[in-house]
Amino acid sequence: MRTYLVTGGAGFIGSNYIHYMFRKYCDEIRIINVDALTYAGNLENLKDVEKRPNYTFIRADICDKEAIARVFEENDIDRVVHFAAESHVDRSIRTPEIFVQTNVLGTAVMLNCAKAAWELPDGSFRENKKFLHVSTDEVYGSLPEDDNAFFYETTPYDPHSPYSASKAASDMLVKAYMDTYRFPANITNCSNNYGPYQFPEKFIPLMIHNALEGKKLPVYGDGKNVRDWLYVEDHAKAIDMVQEQGKLFETYNIGGHNEKQNIEILHIILETLRDMLPDDDPRKAHVNEGLISYVEDRKGHDRRYAIAPDKIRTQIGWEPETMFRDGIRKTIQWFFENEEWMKNATSGDYQKYYREMYEK
Ligand code: NAD
Ligand code: TDX
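Residues numbered from 1 in each chain as written. Chains lettered and ligands numbered in written order. Predicted model: local features only at pLDDT ≥ 70, side-chain atom pairs only at ≥ 80, totals over all residues. Heavy atoms only, no water.

Colleague: Account for the site of ligand 2, with residues named and values stated.
Modeller: Around ligand 2, the surrounding shell holds 22 residues, and the nearest of these are Glu138, Tyr163, Arg298, His301 and Tyr358. One of the backbone nitrogen or oxygen atoms of phenylalanine 203 is found 2.9 Å away from an oxygen atom of ligand 2. Contact with the protein chains removes 94% of the 650 Å² of surface that ligand 2 exposes when unbound. When residues of the shell around ligand 2 are traced back to their parent elements, those giving at least two are helix H3 (89-94), helix H6 (203-213) and strand S8 (217-220). (Near = heavy atom within 4 Å. Polar contact = N/O pair within 3.5 Å; in protein donor to acceptor, adjacent residues only side chain to side chain. Areas by Shrake-Rupley, 256 points an atom, 1.4 Å probe, with all protein chains shown as cover. Helix = DSSP H or I, 4+ residues; strand = E, 2+ residues; numbered from the N terminus.)

Written as structure tokens, this is what we have:
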């Protein structure tokens, strides 16, 4: 039975990945989820897997060398899937240090502990051990607005925000481990994800939540920045395929072929909400374009991201499966059915964050 060490499994993509893996492999794998439970980590996301005998949760910080070394000592780990990170660009603009700490130092700790556990006396590695580093398309910087350029695996890194700089640094560390030690790893660079369990600081869940509450919908700048949206389950599937079918030491870009301006996304969200809300739901009256509020632009706001997922398609056979209009319906349906989750996510510290960020 393969044993997975998943970091950051209580966050948005990590929890979707754990659900996906248990759906796919059932009792054939064991998953150990290591998460520090920051503001973004939520064990509610994993309620329906927590009683599985082949699932273990360990609360630990990836920067804590001893705690991570212990996980490797006490378990024969076959796969590491490293999601844990500070992930929100706006927060990185306000508090960059924690991004360097978690994303760079934390990745260094994960690499070092995996290397210590997997390395043989002759410097080679035990067979069939693999580390997958989950990264982002933001490391490639920003594309011009109106040309047909894409990010390829060979595109030079050009990060702009403290978040993307810290992710770029962590990617470089993984590359250094592969080049120096032939450490068995892959890197995936994925575009913007959306779907169930996404924390409402990110654009799509924030807009769904605010629209339902009749609150303003804060659009940065002119609303024409472009992101390439991918349904989170498609990302989970891609990660598994890269780890099992990809070539070791390679980077794979993962993207949805679904570029849209933020303002277009917002119109689709509003339309879909109106369509899905029952006629007698009082919220239907306020879910409209009148809530849109153009606000000051994000500092250093990247204009356009667009991934070319050609390599993963031709080498591995992965393709995005969920059309945006279907994915957004599923996402909204999930939020309708999980109002309590949203209520908990937006209480406490979130209120303070929201005031400081949007009500200055
Ligand atoms: P998230 O913020 O929802 O979750 C991050 C998780 O990591 C949380 O559970 C948090 O508690 C945990 N964590 C944070 N610091 C930790 C620490 N020091 N030790 C242990 N655990 C810690 O993030 P997400 O959106 O799920 O992103 C997951 C990964 O995917 C990140 O590495 C991110 O860079 C990458 N990524 C995200 C997107 C996206 O659109 N969200 C796209 C591409 C890549
Ligand atoms: O209130 C908002 N208003 C707004 O106009 C917010 C929160 C965002 N935006 C814009 C900024 C971006 O152009 O929407 C777009 C998407 O913003 P985010 O959801 O913050 O995502 P982004 O900055 O693109 O980064 C995301 O994708 C890549 C994730 O947060 C990263 O973790 C991932 O690596």
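Colleague: Summarise the sheet that holds strand S5 (residues 130-136); cite the residues concerned and give the values.
Modeller: Taken in spatial order, the 7 strands make up an open sheet running S3-S2-S1-S4-S5-S6-S11, and their pairing is parallel. At either margin of the open sheet sits one strand with a lone partner, and together these are strand S3 (55-59) and strand S11 (251-254). Ignoring which end each strand starts from, the neighbouring axes of this sheet average 20° apart. Sheet topology places strand S1 (residues 2-7) next to strand S2 (residues 29-35); 6 bridges connect them, and they run parallel. Following the sheet pairing, threonine 3 is matched in S2 by arginine 30. (Pairing = 2+ DSSP bridges. Axes fitted to C-alpha atoms, helices over the stretch in contact; angles between N-to-C directions.)

Colleague: Explain the side chain of lysine 130 to me, and be specific about the residues and the numbers.
Modeller: For lysine 130, the location among the structural elements is in strand S5. For the buried residue lysine 130, which engages in no salt bridge, the nearest side chain bearing the opposite charge is glutamate 244, 4.2 Å off. Setting aside its immediate chain neighbours within four residues, lysine 130 contacts Asp78, Arg79, Val80, Trp118, Pro184, Gln243, Glu244 and Leu248. (Buried < 20%, exposed > 50% of the residue type's maximum accessible area, 1.4 Å probe, protein only. Lys, Arg positive; Asp, Glu negative; His and termini not counted. Salt bridge = Lys/Arg side-chain N within 4 Å of Asp/Glu carboxyl O. Contact = heavy atoms within 4.5 Å.)

Colleague: Run through the packing of aromatic side chains, naming residues and quoting values.
Modeller: All told, the structure shown has 25 aromatic pairs when counted by the stated rule. Site record: aromatic cluster; members linked through ring pairs are Phe72, Trp118, Phe125, Phe131, Tyr177, Tyr181 and Phe183. The ring of tyrosine 39 carries arginine 91 above its face, with NZ or CZ at 3.6 Å from the centroid. If you follow lysine 311 out to its NZ or CZ, it ends over the ring of tyrosine 252, 4.8 Å from the centre. (Phe/Tyr/Trp six-rings, centres within 6.5 Å; stacked < 30°, edge-to-face > 60°. Lys NZ or Arg CZ within 6 Å of the ring centre and 35° of its normal.)

Colleague: Hey, could you go over H6 for me, with residue numbers and the actual values?
Modeller: Of all 11 residues in H6, 10 are buried, a share of seventy percent or more. Looking at the packing, one finds that the buried side of H6 touches strand S7 (193-194), S8, helix H8 (262-276), helix H10 (324-337), helix H11 (339-345) and helix H12 (349-358).

Colleague: Help me get a handle on the site of ligand 1, residues and values and all.
Modeller: As a matter of local geometry, ligand 1 sits amid 28 residues, with Ile13, Asp35, Ser87, Tyr163 and Lys167 nearest to it. At a separation of 2.9 Å, a nitrogen atom of ligand 1 approaches a polar side-chain atom of aspartate 61. Here an oxygen atom of ligand 1 sits 2.6 Å away from a polar atom, N or O, in the side chain of lysine 167. Burial of ligand 1 by the protein amounts to 96% of the accessible area it has alone, namely 840 Å². Sorting the residues of the shell around ligand 1 by element identifies helix H1 (12-25), S5 and helix H5 (162-181) as the ones contributing at least two each. Tallying contributions element by element places S5 first for the shell around ligand 1, with 3 residues. Of the residues assigned to the shell around ligand 1, the class counts are 14 nonpolar, 11 polar and 3 charged. (Nonpolar A, V, L, I, M, F, W, Y, C, P; charged D, E, K, R; others polar.)

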